[in-house]
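# A closer look at the structure
For reference, the chains in residue letters:
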Amino acid sequence: MIEVSRFTKRYGEFTAVDDLSFSIGPGEVFGFIGPNGAGKSTTIRFLATLLRPTSGEAWIAGHSVVGDPMAVRKVIGFMPDDFGVYDGMKVWEFLDFFAVAYEIPVKHRRKIIDEVLELLDLAHKREDYVNGLSKGMKQRLCLAKTLVHDPPVLILDEPASGLDPRARLEMKALLNELRGMGKTILVSSHILSELADFCTSIGVIERGKLLAAGTIQEIQRQLRSHRVLKVKVGDASTARARAVLEDDPGIRSVDAFDHTLTAEFEGQDEDMGRLLVRLIDSGVAVQSFAEETISLEEVFMLITKGIVN
Amino acid sequence: MFSNNPVLSRELLVNLRSTRAFVMQGLYASFLAALVYFSWPGGDPEWGGAVRQVSPGVARLLFNLFFLGQFFLVALVAPTFAAGAITGEKERKTYEMLLASPLKPLTILVGKLLSSLSFLVILIVSSLPLMILCFLLGGILLSEIVRAYLILILAAGTFGLLSLACSSFFRRTSSALVVSYLVILPIALLCVAVTRNDDSMTRDFVSIAVLPPWCLAIWTLVVVVVNRRLLRPPDVGSEGNEVIDEAEEMKSAIGVVIDRDLFPDKLFAPAKRTDLMPDGTNPVLDKELRSEIFSQGTLMLRVVIQVSMFISIFLMAVLLFWRPDWAGYYVAYVITFNLLVGPVFSAGSITQERERKTLGLLLTTLLRPGTIIRAKLLAALRVSTVLTFLLTEQLLLAYVLVPNLQTRFWTLPVYLLIIATTCLATTTTGLMCSALSRKTSVAIVTTYLVLFALFVGPVGLKLYMRDFVESVSESKLSAMTISSPYAAALSIVIPPDKSSMVGTYAAANTPPVRFPGGFAIPVWGMFLMFYPLLSGVFYIIAYVAFRYRWWRAGGTS
């Protein structure tokens, strides 16, 4: 759905984004992660047809971002990270303005505005002035604006920045709902936990370079050549558990600390199940048995460590 | 307050260390030097090429030129710096930080005043050596030079403080600037009228005994008011995002009230929509006229209408009823009004979208650049034209009531056409500058500069050349001024009374422009042909700049 090929943007001597390539399939939710100033917004503005690349190209739904921006504008809904609203306009007028700007005929407009307001829980604010809304409301209004022409692709730059915890959760729920509607979403954030739950894939960018991209599992596999198992056992069975683990062909190494064993493991989920059966069969009192998953924060720290340090 | 003023030192650092300030000062001094050089009395062959020692006539002319020129410079430049001094803090959102600091309001005020006037004072002082050079030619008293500079400094202080007061009352630099100009306009005209008085006794009396105390009174009043406003600011707290309720504002309004449902107000402020826009509406135009115009409140427009009407009543009495042959000067006033007010509505049209961070939203829609630019032009043109034509009702009245205006009734449509063309010129110039600038404040000042160069520059040059360059024909001088609506308005001759109709044309100040084929076109005719073309060019520049700078290249970051 979105295909970026060797996008580079330089401002004089400074290279904001360097040779960036990635692709996002239809229906995916792509999380764009990176610290402030990494080049996220530059990439997003490029995809939103607001920035000319120094070199490189991108296609959204088959349309060239550089060559045919009008076609791209039709299929994307864009929400900038730092946006303003018009003064002296009411919420419905604001949406009407953008609906007209997206050439939606009046007979559909009334229904669309009502639906969008309903979806974003803004129906009760219909007659309020937009410049009087709170930050969270404005953020929702801007999201409403991106939906008036029902685009298959949403490009959202930091949609939850500056929101309080409740508004942030609500924004998350909204994005989940939009994912459920089958939209392809590119969403950026510098706060990792925001994205962890609903992204199907992520891209990590720092200093203009894409350090890793793919599904979270793929990236985890890139980072670690093996999986990590954590097994907690009863008092008496530590030694026996260790023996069983070391016997298994998939286990690379075992560390024991107190009653918890940490094992490096290579194999599929089925192999993991068989290993558990074997542990129990040999009389080990297994209290917990789980694969240690790697959090997005850790992914990020691991990926960026090389460059930052 | 003066010696260790952080506001002052910061502003001076930022303003004066730039190369731009240095270059401007250099250009200004060179320009004045060129004026003196070209008008310097030539060598006399009988004296072996030596300069005639005493040329009182030339010295007097130069002195007047310098004084008047610098007085207008002060009136123009003082507001451009001072009117943005406090609104700039509000726009940059540093206003609350500044107020919350332990600085006293008076310290802030003095710092802002001195820093906004510093550049102006440097310009004025740099002209002093040239003025002394003219003094050597004889014919001017030293006391006159001292008096002239005293008036210039007083004017700079007064205009600067008045602009600061406006700056503290408004939220946007553009509003503060236009109101400052309108407040300063009558004062400046009065000052010039008095100091140009031929009787030197009155002149001295007024400039020494009347002006300074009045200035001091204005200074004190402004300082007290602004001081109070800075100490307990009513306009902080929501980052300038508060919603302005028109109905609520109407209740506390003094004087003119703007009602969207009534004529003529609905001409520039159509009623708000109660339902969706019909298909085929230009959404940008609709938004500009129905929502944006009063988004900062109606205060600016109310002040503009009231002040301009107030001045026009006096001018009407003198220029239309007492001396109908001066009708051109009344039109000149209407032109000046449009020159000052017009750019405010157009010069921000694109830069404001950028500053408010709505440009990104607007540009990713399916709107074509032509649609956006056309909407911006039409909205600004409509507001500026309606406001300006409010001042022409006095003109209509005079043509109905005054006999010798009636006999030349054809001049009325010409005057109206000149005014309408001026509205078009100011709006397209503002739009062009807005598409080329990054900041509204820069766009507005650039617009004023371009318009002054087009409107006032040629007239000044013509007067200078008539005095100092002997071999230029009057027709060529007229041809120079076709870009000035002032020259156009004053080239229409209204006889002082019915009997002297014959021959007035020949005696006119501005003869028609003659062409090689033997035919001649009056200056107003040339003006009316020239400006639609120039406005078209400006509009195309604005379109191209917008399309390639913002719409397609997207330099919005």
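Our structure's up above, just so we're on the same page.
Presented here is a report on the structure given in the accompanying data block. The numbers attached to residues start from 1 for each chain and follow its sequence in the written order. The naming scheme follows written order: chains are lettered A onward, ligands numbered 1 onward. pLDDT decides what is reported in this predicted model: residues at 70 or higher carry local features, side-chain atom pairs at 80 or more are listed and counted, and totals for whole chains, interfaces and linings draw on all residues regardless. Side-chain metrics rest on all non-hydrogen atoms present in the structure, leaving aside hydrogens and water.

Should any heavy atoms of two residues lie within 4.5 Å, those residues are considered in contact. Facing the 40 residues of chain B at the interface are 46 residues of chain A. Think of a salt bridge as a Lys or Arg side-chain nitrogen and an Asp or Glu carboxyl oxygen that are within 4 Å of each other. A salt bridge links Asp279(B) to Arg109(A); its shortest N-O distance comes to 2.9 Å. The definition of a polar contact used here is a pair of N or O atoms within 3.5 Å, where within protein one atom must be able to donate a hydrogen and the other to accept one, and adjacent residues in sequence count solely through side-chain atom pairs. Between chain B and chain A we count 13 residue pairs in polar contact (both at pLDDT 80 or more) in total. Each residue receives one of three labels: charged for Asp, Glu, Lys and Arg, nonpolar for Ala, Val, Leu, Ile, Met, Phe, Trp, Tyr, Cys and Pro, and polar for the others, Gly being one of them. When the residues that make up the side of chain B that touches chain A are grouped by side-chain class, the tally is 13 nonpolar, 14 polar and 13 charged.

Moving on: the sheet that holds strand β2 (residues 14-24) of chain A. All names here are of chain A. Pairing is antiparallel in the open sheet, where 4 strands are placed in the order β2-β1-β4-β5. A single partner strand is all that each edge strand has here, and the edge strands are β2 and β5 (63-64). Two strands pair if DSSP finds at least two bridges between them. Under the scheme used here, helices are H or I runs from DSSP no shorter than 4 residues and strands are E runs no shorter than 2 residues, and both carry numbers assigned from the N terminus. Relative to strand β4 (residues 55-60), strand β1 (residues 2-11) runs antiparallel, the two being bridged by 5 bridges. By the bridge assignment, Ile2 is partnered in β4 with Ile60. Sheet contacts for helix α1 (residues 40-47): β1, β2 and β4; angle to β1, the most-contacted strand, approximately 120°. Axis angles are defined between N-to-C directions and span 0 to 180 degrees, where every axis is a line fitted to C-alpha atoms and, for a helix, only to the segment in contact.

Another point: the sheet that holds strand β12 (residues 251-257) of chain A. Residues and elements named next belong to chain A. In spatial order, the strands read β12-β13-β11-β14; together these 4 strands make up an open sheet with antiparallel pairing. The open sheet has two edge strands, β12 and β14 (286-291), and neither has a second partner. For this sheet, the mean angle separating the axes of adjacent strands, direction not counted, is 15°. Direction of pairing for strand β11 (residues 227-233) relative to β14: antiparallel, over a ladder of 5 bridges. Paired with Val231 across the two strands is Phe289, which belongs to β14.

On to the packing of helix α3 (residues 91-101) of chain A against helix α5 (residues 135-147) of chain A. Residues and elements named next belong to chain A. Look at α3 against α5: their axes get within 9 Å of each other, and the N-to-C directions meet at 30°. Relative to α5, the element α3 is oriented roughly parallel. Taken as a pair, α3 and α5 cross one another with a handedness that is right-handed. Facing α3, whose interface residues are Val91, Phe94, Leu95 and Phe98, α5 presents Leu141, Ala144 and Lys145. Of the residues assigned to the contact of α3 with α5, the class counts are 6 nonpolar, no polar and 1 charged. Oblique is the label for any angle not covered by the other classes, which are roughly parallel (under 35 degrees), roughly antiparallel (over 145) and roughly perpendicular (65 to 115). By convention, the crossing between two helices is left-handed when the near helix turns anticlockwise from the far helix through less than a right angle, and right-handed when the turn is clockwise.

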